[in-house]
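Residues per chain are reported as follows:
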Amino acid sequence: MSRVYNFSAGPAVLPEEVLKEAAAEMLDYNGTGMSVMEMSHRSKAYEEIIQGAEQDLRDLMNIPDNYKVLFLQGGASQQFAMIPMNLMKNKVADYIITGQWAKKAYQEAQVYGKANAIASSADETFSYIPDCSDLPISEDADYVYICENNTIYGTKFKTLPNTKGKTLVSDVSSCFLSEPVDVTKYGIIYGGVQKNIGPAGVVIVIIREDLITEDTLPGTPTMLKYKIHADNASLYNTPPAYGIYICGKVFKWLKKMGGLEAMKQRNEEKAKILYDFLDNSKMFKGTVRKEDRSLMNVPFVTGDADLDAKFVKEAKAAGLENLKGHRSVGGMRASIYNAMPKEGVEALVAFMKKFEEENTK
Ligand SMILES: *Cc1c(COP(=O)(O)O)cnc(C)c1O
């Protein structure tokens, strides 16, 4: 068996320890004589899995009691509709457009009400986070929406926007559990887990209780009401049971690693190795304004598309996979999520150095 260093933006690298544990439990989970995949979601064994996962997530993020944790399906993209359907009482919401995911959420919200783009960094290919200290927040806005870490462009909000008292809704798909957060600053924090937590098919929604109401937009399907899932502790219908089980294992792994403060330090250390190299290289350049750089997704370019392609190809041959940038931006992108070991980033930088030497006349 040989494993590569996988820099994929998502689905992405998972802790090897977690995969090994899951493999060991594949045929017989904890003496039940069956795989978690084969188990009733109403069984005692599964109840312990999902409740344990929720508790561990609550511990890790210090989630207050007046927030619900929901394990849902449909990916992050389903939330683009579910959020307005459940939150748009005045049918007005403000969106900050910092990339494709924010833009998609904004476009989807327009189906349900008046979505305002109150700030954007589209003018410079989303390479920075706009100043959000004094935005024209709509007086009757039901919420202000951000995508906190922009997976494709590699930017991250280092300060949350001043929402002037309005509810903040944040897509944290690609920075989930990468560092501590103050949950009380948000109405909703949500993310697809396939970037930094687990297998695709699960989206986690952390939502303040007062936002969970019967009063959804007319025509909202039962499955898209937060209330139905909250009232049924994410077991209204069959949940993505196996995926939640893996998420639970990753939460345990994070606890063992020292929690989110320790992850933050580790992630800063890893990112610094790569950013320092980019800042000193004559061939490779980071594409993001320094103060807005993500710890998780690091896009970079050589400035020559052929050389970029050569780099991606040779890196792959050297066991460094999925370094091609998003199809909309080109170049390269290294996603260095929680589960990417420091050795992986060091191997990448060593390879980049070598490539630069070999390809400089
Ligand atoms: C990947 C991603 C999405 C889309 O996730 P799906 O689960 O595929 O719908 C949305 N937002 C962000 C920030 C992402 O990185």
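Everything quoted here is computed from the prediction, not taken from an experiment.

## Looking at a nonpolar patch on the surface
And step 1. A cluster of nonpolar residues, Met26, Leu27 and Met37, forms a patch on the protein surface that exposes about 330 Å² of accessible area.
And step 2. Topologically, Met26 is positioned in the loop between α1 (16-24) and α2 (44-61).
And step 3. Judged by relative accessible area, which is 32%, Met26 ranks as partly exposed.

## Examining the sheet that holds strand β14 (residues 332-335)
And step 1. Ordered by their spatial adjacency, 3 strands build an open sheet running β11-β12-β14, and the pairing between neighbours is antiparallel. Of all the strands in the sheet, the pair left with one neighbour each is β11 (285-286) and β14.
And step 2. Of the pairings in the sheet, the one linking β11 to strand β12 (residues 297-301) comprises 2 bridges and is antiparallel in character. For Lys285, the partnering residue across the bridge sits in β12 and is Val301.

## So, unusual backbone geometry
And step 1. Geometrically, the link from Gly10 to Pro11 is a cis peptide bond, its omega value of -15° lying close to zero.
And step 2. Here Pro11 shows up in the loop between β1 (5-6) and α1.
And step 3. Notably, Phe126 is not glycine yet its phi reads approximately 55°, a positive angle.
And step 4. Structurally, the position occupied by Phe126 is in the loop between β4 (114-120) and β5 (144-147).
And step 5. Looking at Phe126, the relative accessible area reads 10%, which means it is buried.
And step 6. Positioned with a positive phi, Ala233 is a non-glycine residue whose angle comes to about 50°.
And step 7. Relative to the elements of secondary structure, Ala233 occurs in the loop between α5 (226-231) and α6 (241-256).

## Notes on the site of the ligand
And step 1. Around the ligand lies a shell formed by Gly75, Ala76, Ser77, Phe80, Trp101, Cys147, Asn149, Thr151, Asp171, Ser173, Gln194 and Lys195.
And step 2. Within the contact set of the ligand, an oxygen atom lies 3.0 Å away from a backbone nitrogen or oxygen of Ala76.
And step 3. The class makeup of the residues in the shell around the ligand is 4 nonpolar, 6 polar and 2 charged.

Cut-off values and rules
- Residues numbered from 1 in each chain as written.
- Predicted model: local features only at pLDDT ≥ 70, side-chain atom pairs only at ≥ 80, totals over all residues.
- Heavy atoms only, no water.
- Patch = residues over 30% accessible without salt bridge, like charges linked within 9 Å, V, L, I, M, F, W, Y side chains within 5 Å.
- Areas by Shrake-Rupley, 256 points an atom, 1.4 Å probe, with all protein chains shown as cover.
- Salt bridge = Lys/Arg side-chain N within 4 Å of Asp/Glu carboxyl O.
- Helix = DSSP H or I, 4+ residues; strand = E, 2+ residues; numbered from the N terminus.
- Buried < 20%, exposed > 50% of the residue type's maximum accessible area, 1.4 Å probe, protein only.
- Pairing = 2+ DSSP bridges.
- Near = heavy atom within 4 Å.
- Polar contact = N/O pair within 3.5 Å; in protein donor to acceptor, adjacent residues only side chain to side chain.
- Nonpolar A, V, L, I, M, F, W, Y, C, P; charged D, E, K, R; others polar.

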